[in-house]
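# Analysis of the macromolecular model
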Amino acid sequence: MATDSPGTEVDFANLSGPVLVLGGAGYIGSHTVRALERLGIPVVVLDNFSTGHPEAVNVPLVEASLADRETLARTFDEWEPRAVMHFAARCYVGESVEDPSIYYRENVIHAWNLLEAMREAGCQELIFSSTCATYGNPVALPITEENPQVPVNPYGRTKLHMEHMMEDYAQAYGLRFAALRYFNAAGASQEGDLGEDHSPETHLIPLLMQVALGQRDEIAIFGGDYPTPDGTCIRDYVHVEDLADAHLRALSRLQAGVHTLACNLGTGLGYSVREVIEAVRRITRHPIPERMTGRRAGDPPELVSGGSRALEHLGWRPARSALEKILSDAWRFHEAHPKGYSR
């Protein structure tokens, strides 16, 4: 049993499954699957491998999309999951601005398919991978859970739609849910065998690792004229293994009788793009050429987590999210897997 906050006890020994992990072959999903496995909790993954990698998981796999309602219903019938963790969504701000149709289809319509499948199967525990993008441009920093949710891009809007759907299903049908609003997921497993492998890659830290490996000539900085100390965007980076731990804690709380929960997952510390670049230069001992370009649509100047709900309700503190640890773990993975999981 872990006790990290007065009045908040998290008893991993009492967690029960099976747990259906949607998008469990993806970046955050695969780390969470491993965390569940280590506790001996039965897990099944449903993934269409559009962005995930079968090599990243070692549990039963169902290859399907949430668009496939027949396979989704059959999966619930066959595996009878007690709980669902939902990572299967599109997550790129720029892409959502350029092609919002994809985001409304996959993040909203497909999410409704899931809620209906859960309702029909009598499965009532759902952990949802939400995002700080639901807040939009914050009214104050750091961003607490009391900040108005006014997203400024389709990615954030579609995630907020899912939060609203879960609230309505909780009220009408007894769904119990946790909405975990991530800040910037980063890092890799301590063993160096799980990490970020996207195609195309758009996230800053893996892009920097590719520059260090000589796979890219330079890193593009999207905007140097933001109202921040060095003119570049500031983000709050949280280690992917800390995120996985938060999911287990949220599941424990639901299984202990909590009905609804929404909280931020971040460190409360922000680093600018330039600060991250300098840190990567130190850790990899490689030059990182840079090129300034225009702002990217939909990017707020600064996103840093605040609030205490994760500590108060989950007993969660980020344990591995110091920037140097995040970058060292990411570098270990990318050095060992310069071509990703296809190596």
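First, a word on what this report is: a plain description of the structure on this page. (Residues numbered from 1 in each chain as written. Predicted model: local features only at pLDDT ≥ 70, side-chain atom pairs only at ≥ 80, totals over all residues. Heavy atoms only, no water.)

### Some thoughts on empty space enclosed by the protein
This structure, assessed with the given rule, holds one cavity of 30 Å³ or more. What the largest cavity holds in volume is close to 30 Å³. Together, Gly187, Ala188, Gly195, Glu196, Ile205, Pro206, Ala330, Phe333 and His334 line the largest cavity. Broken down by element, the lining of the largest cavity gets its largest block of residues, three residues, from helix 10 (residues 323-336). Split into classes, the residues belonging to the lining of the largest cavity amount to five nonpolar, three polar and one charged. (1 Å grid on protein atoms, 1.4 Å probe; cavity = no way out; pocket = protein on both sides within 12 Å on 5 of 7 lines; lining within 4 Å. Points joined across faces, edges and corners; volume = space filled by probe spheres on them. Helix = DSSP H or I, 4+ residues; strand = E, 2+ residues; numbered from the N terminus. Nonpolar A, V, L, I, M, F, W, Y, C, P; charged D, E, K, R; others polar.)

### Brief notes about the layout of surface pockets
Put simply, the second largest pocket is a space of about 250 Å³. Around the second largest pocket, the lining comprises 14 residues; the ones closest to its centre are Ala35, Arg38, Glu241, Ala244 and Asp245. Secondary-structure elements contributing two or more residues to the lining of the second largest pocket are helix 1 (27-38) and helix 7 (240-255). Top contributing element to the lining of the second largest pocket by residue count: helix 7, with five residues. Broken down by class, the residue content of the lining of the second largest pocket amounts to four nonpolar, three polar and seven charged.

### Topic: the sheet that holds strand 16 (residues 302-303)
Overall, mixed pairing links the three strands, which are arranged 14-11-16 in an open sheet. The two strands at the open ends of the sheet, each matched to only one other strand, are strand 14 (271-272) and strand 16. Here strand 11 (residues 234-235) pairs with strand 16 via two bridges, running parallel. Paired with Ile234 across the bridge in strand 16 is Glu302. (Pairing = 2+ DSSP bridges.)

### Section: the pairing of strand 8 (residues 176-182)
Burial analysis of strand 8 places seven of its seven residues in the buried class, which makes it a mostly covered element. Side chains Arg176, Ala178, Leu180 and Tyr182 of strand 8 all project onto a buried face; the interleaved residues Phe177, Ala179 and Arg181 project onto the opposite face, where all are buried too. Relative to strand 8, strand 7 (residues 125-131) runs parallel, the two sharing seven bridges. Its bridge partner being in strand 8, Ile127 is matched across the sheet by Ala178. Between strand 7 and its parallel partner strand 8, the chain crosses via helix 5 (residues 154-173), and the hand of that crossover is right-handed. Across six bridges, strand 8 lies against strand 13 (residues 260-265) in parallel orientation. (Buried < 20%, exposed > 50% of the residue type's maximum accessible area, 1.4 Å probe, protein only. Right-handed = clockwise from strand over helix to strand, strands pointing away.)

### Focus on the packing of helix 6 (residues 204-212) against helix 10
The contact between helix 6 and helix 10 brings their axes to 10 Å, and the two run at 55°. Taken together, the axes of helix 6 and helix 10 are oblique relative to one another. Here helix 6 and helix 10 pass one another in a crossing that is right-handed. Only Ile326, Leu327, Ala330, Trp331 and His334 of helix 10 make contact with helix 6, whose side of the interface consists of Ile205, Pro206, Met209 and Ala212. Grouping the amino acids of the contact of helix 6 with helix 10 by side-chain chemistry returns eight nonpolar, one polar and no charged. (Axes fitted to C-alpha atoms, helices over the stretch in contact; angles between N-to-C directions. Parallel < 35°, antiparallel > 145°, perpendicular 65-115°, else oblique. Left-handed = near helix turned anticlockwise from the far one by under 90°. Contact = heavy atoms within 4.5 Å.)

### Topic: the pattern of salt bridges
In total, this model carries 23 salt bridges according to the counting rule given. The partner of Glu218 in a salt bridge is Arg291, with the nearest N and O atoms 2.5 Å apart. Here the residue Glu218 occupies a position in the loop between helix 6 and strand 10 (219-222), and Arg291 occupies one in strand 15 (residues 290-293), the gap between them amounting to 73 residues. Owing to a relative accessible area of 39%, Arg291 belongs among the partly exposed residues under this scheme. A salt bridge links Arg332 to Asp329; the nearest nitrogen and oxygen atoms lie 2.8 Å apart. Residue Arg332 and its partner Asp329 are located together in helix 10, separated by three residues, close to a single helical turn. For Arg332, a relative accessible area of 35% puts it in the partly exposed group. Exposure remark for Asp329: the relative accessible area of 0% places this residue in the buried category. Taken together, the salt bridges that share partners define one network made up of Arg34, Arg38, Glu191 and Asp193. (Salt bridge = Lys/Arg side-chain N within 4 Å of Asp/Glu carboxyl O.)

### Focus: the side chain of His53
Looking at the secondary structure, you find His53 in the loop between strand 4 (43-47) and strand 5 (61-63). The class for His53 is buried, based on a relative accessible area of 18%.

### Side note on unusual backbone geometry
Gly17 connects to Pro18 through a cis peptide bond whose omega is 0°. Within the secondary structure, Pro18 is located in the loop between strand 2 (8-10) and strand 3 (19-22). Geometrically, the link from Ser199 to Pro200 is a cis peptide bond, its omega value of 0° lying close to zero. Among the structural elements, Pro200 can be located in the loop between strand 9 (184-186) and helix 6. At Phe49, a residue that is not glycine, the phi angle is positive and equals roughly 60°. Residue placement: Phe49 occurs in the loop between strand 4 and strand 5. A positive phi angle, close to 45°, is found at Glu80, a residue other than glycine. Relative to the elements of secondary structure, Glu80 occurs in the loop between helix 2 (69-79) and strand 6 (83-86). Since its relative accessible area comes to 59%, Glu80 is described here as exposed.

By themselves, these figures tell us nothing about what the structure is for.
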